[in-house]
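Chains, contacts and geometry: an overview
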Amino acid sequence: MHSFPKPALAMVEQMRQAASARPEQAVAFQGSPGANSHRAANEWAPESLPLPCFSFADAIDAVKEGRAGCAMIPIDNSHAGRVADIHFLLPESGLSIVGEHFLHIRHALMAVPGAKGPLKAAYSHPHALAQSRAYLRDRGMVPLSFADTAGAAAHVAQLADESVAAIAPVLASDLYGLEIVENNVEDTQDNTTRFVILSRQPLDPAVLTEGTVMTTLIFEVKNIPAALYKAMGGFATNGVNMTKLESYQKGTSFSATTFYADIIGAPGDPAVDRALEELAFHCKELRLLGSYRQARVRG
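Parameters and conventions
Residues numbered from 1 in each chain as written. Predicted model: local features only at pLDDT ≥ 70, side-chain atom pairs only at ≥ 80, totals over all residues. Heavy atoms only, no water. Helix = DSSP H or I, 4+ residues; strand = E, 2+ residues; numbered from the N terminus. Contact = heavy atoms within 4.5 Å. Pairing = 2+ DSSP bridges. Axes fitted to C-alpha atoms, helices over the stretch in contact; angles between N-to-C directions. Core = buried A, V, L, I, M, F, W, Y, C linked by side-chain atoms within 4.5 Å. Buried < 20%, exposed > 50% of the residue type's maximum accessible area, 1.4 Å probe, protein only. Salt bridge = Lys/Arg side-chain N within 4 Å of Asp/Glu carboxyl O. Phe/Tyr/Trp six-rings, centres within 6.5 Å; stacked < 30°, edge-to-face > 60°.

1. Some points on the environment of Ala166
Along the chain, the position of Ala166 falls in strand S9 (residues 164-168). Distance in space between the C-alpha atoms of Ala166 and His155 is 8.4 Å, their sequence separation being eleven residues. Leave out the neighbours within four places in its chain, and Ala166 touches Ala108, Leu109, Met110, Tyr123, Ala152, Ala153 and Val156.

2. Observations regarding the sheet that holds strand S6 (residues 108-111)
Within a sheet, adjacent strands bond to each other through the backbone by hydrogen bonds, running parallel or antiparallel. Pairing within the open sheet is mixed, and its five strands lie in the order S8-S7-S9-S6-S10. Strand pairing shows two members of the sheet lacking a second neighbour, strand S8 (142-145) and strand S10 (179-183), which therefore form its edges. Neighbour-to-neighbour, the strand axes of the sheet open up by a mean angle of 30°, direction not taken into account. The pairing of S6 with S10 spans four bridges and is antiparallel. Note on S10: the bridge partner recorded for Met110 is Ile180. Against the sheet, helix H7 (residues 149-159) contacts S6, strand S7 (121-124) and S9, and its axis sits at roughly 160° relative to S9.

3. Some points on the nonpolar core
With 27 residues, the main nonpolar core has Ala28, Ile73, Leu90 and Leu198 as its most contacted residues. Secondary structure elements with two or more residues in this core: strand S1 (26-30), strand S2 (49-53), helix H3 (56-64), strand S3 (70-77), helix H4 (86-93), strand S11 (192-199), strand S12 (213-221) and strand S15 (283-293). With five residues, H3 is the largest single contributor of residues to this core. The contacts of Leu90, once residues within four sequence positions are left out, are Ile75, Ile97, Leu198, Tyr260 and Leu289.

4. So, the pattern of salt bridges
If you walk through the whole model with that rule in mind, you get nine salt bridges. With a closest N to O distance of 2.8 Å, Arg16 and Glu13 form a salt bridge. Note that Arg16 and Glu13 are positioned in helix H1 (residues 6-21) at a spacing of three residues, about one turn of the helix. Overall, Glu13 belongs to the partly exposed group, its relative accessible area being 21%. In this structure, Arg67 engages Glu65 in a salt bridge whose closest nitrogen and oxygen atoms are separated by 2.9 Å. Relative accessible area serves as the criterion here: at 39%, Arg67 is assigned to the partly exposed category. Residues participating in the shared-partner salt-bridge network are Asp76, Lys244 and Glu246.

5. Thoughts on the sheet that holds S12
The antiparallel open sheet is built from four strands, whose spatial order is S13-S14-S12-S15. At either margin of the open sheet sits one strand with a lone partner, and together these are strand S13 (242-249) and S15. Taking the axes of each pair of neighbouring strands and ignoring which way they run, one obtains an average angle of 15° across the sheet. Relative to strand S14 (residues 257-264), S12 runs antiparallel, the two sharing six bridges. Bridged to Thr216 within S14 is Asp262. This element, H4, spans S12, S13, S14 and S15 of the sheet and lies at about 95° to S13. In the packing of helix H10 (residues 270-281) onto the sheet, the strands contacted are S12, S14 and S15, and the crossing angle to S15 comes to about 155°.

6. Considerations on the pairing of S3
Among the eight residues that make up S3, eight are buried, leaving the element largely enclosed by the rest of the structure. In terms of strand pairing, S1 meets S3 through three bridges, oriented parallel. By the bridge assignment for S3, Val27 is matched with Cys70. Pairing of S3 with S11, which is carried by six bridges, proceeds in the antiparallel orientation.

7. Some details on the packing of aromatic side chains
Tallied over the entire structure, the rule returns three aromatic pairs. With centroids separated by 5.8 Å and ring planes inclined at 90°, the aromatic side chains of Phe4 and Phe54 adopt a geometry described as edge-to-face. Of this pair, Phe4 sits in the segment before H1 while Phe54 sits in the loop between S2 and H3; the two residues are 50 residues apart in sequence, bridging distant segments of the chain. For Phe4, a relative accessible area of 5% puts it in the buried group.

Below, the structure is given as structure tokens:
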């Protein structure tokens, strides 16, 4: 907790105490109060108790240790791509994906009240900086990385330096007493982050009877020619739609590649079962990370 900027500490402690009284209602997230993950948790479960955590690993540990009922974790962004480390943390966490949520991102440039400028630099999370790259370049502002957007706002409040700003959600300006310099500083209007909700217990696919169901899985194909092509064949022949397929290196040998995939459907559906059976035949490892209802992208 003490890695948070000083202006955030009192709020973090207050939220931690509330969550400890009713951990089953707590939603752990990475970042300081006011971060986009905080916003996402409030949108997804308005009655939940937000539990700020300094890192993604801390948020996952809060769920594993029973200090939170679930965690709200960003997995990728429509503009900046996938969130670093998440593809490694998810399989190792032992938690299951039980839901997803799409958050429309709006960034604001904020500074200490009365700042006359010129603003020379802006602190924010690397993804927010990437999403506002053109805006900062056009104004000659240096991007400075921070652990999260709201933490960057708290840090700027603590510095009390009129030459630096933060890029963060509007909520952060209210929490840390900053003044909005300009709203909507993101480079594109279709800026959306996808979050997944992690829980200790997976959802039984049999209870997911309404709406479209998604299943997330990871797999490592055998090290033979055309292994991935053959592994994918079962999805095509059984009519199972794969909406996402990403690869990442496993370990440091560069000889093994792990794939992360989202499909429409869930175990128990005969077509999905046949596709997964064929996939398993061509794999050294196959793990299901969870089945859950598909969420709608919000405009």
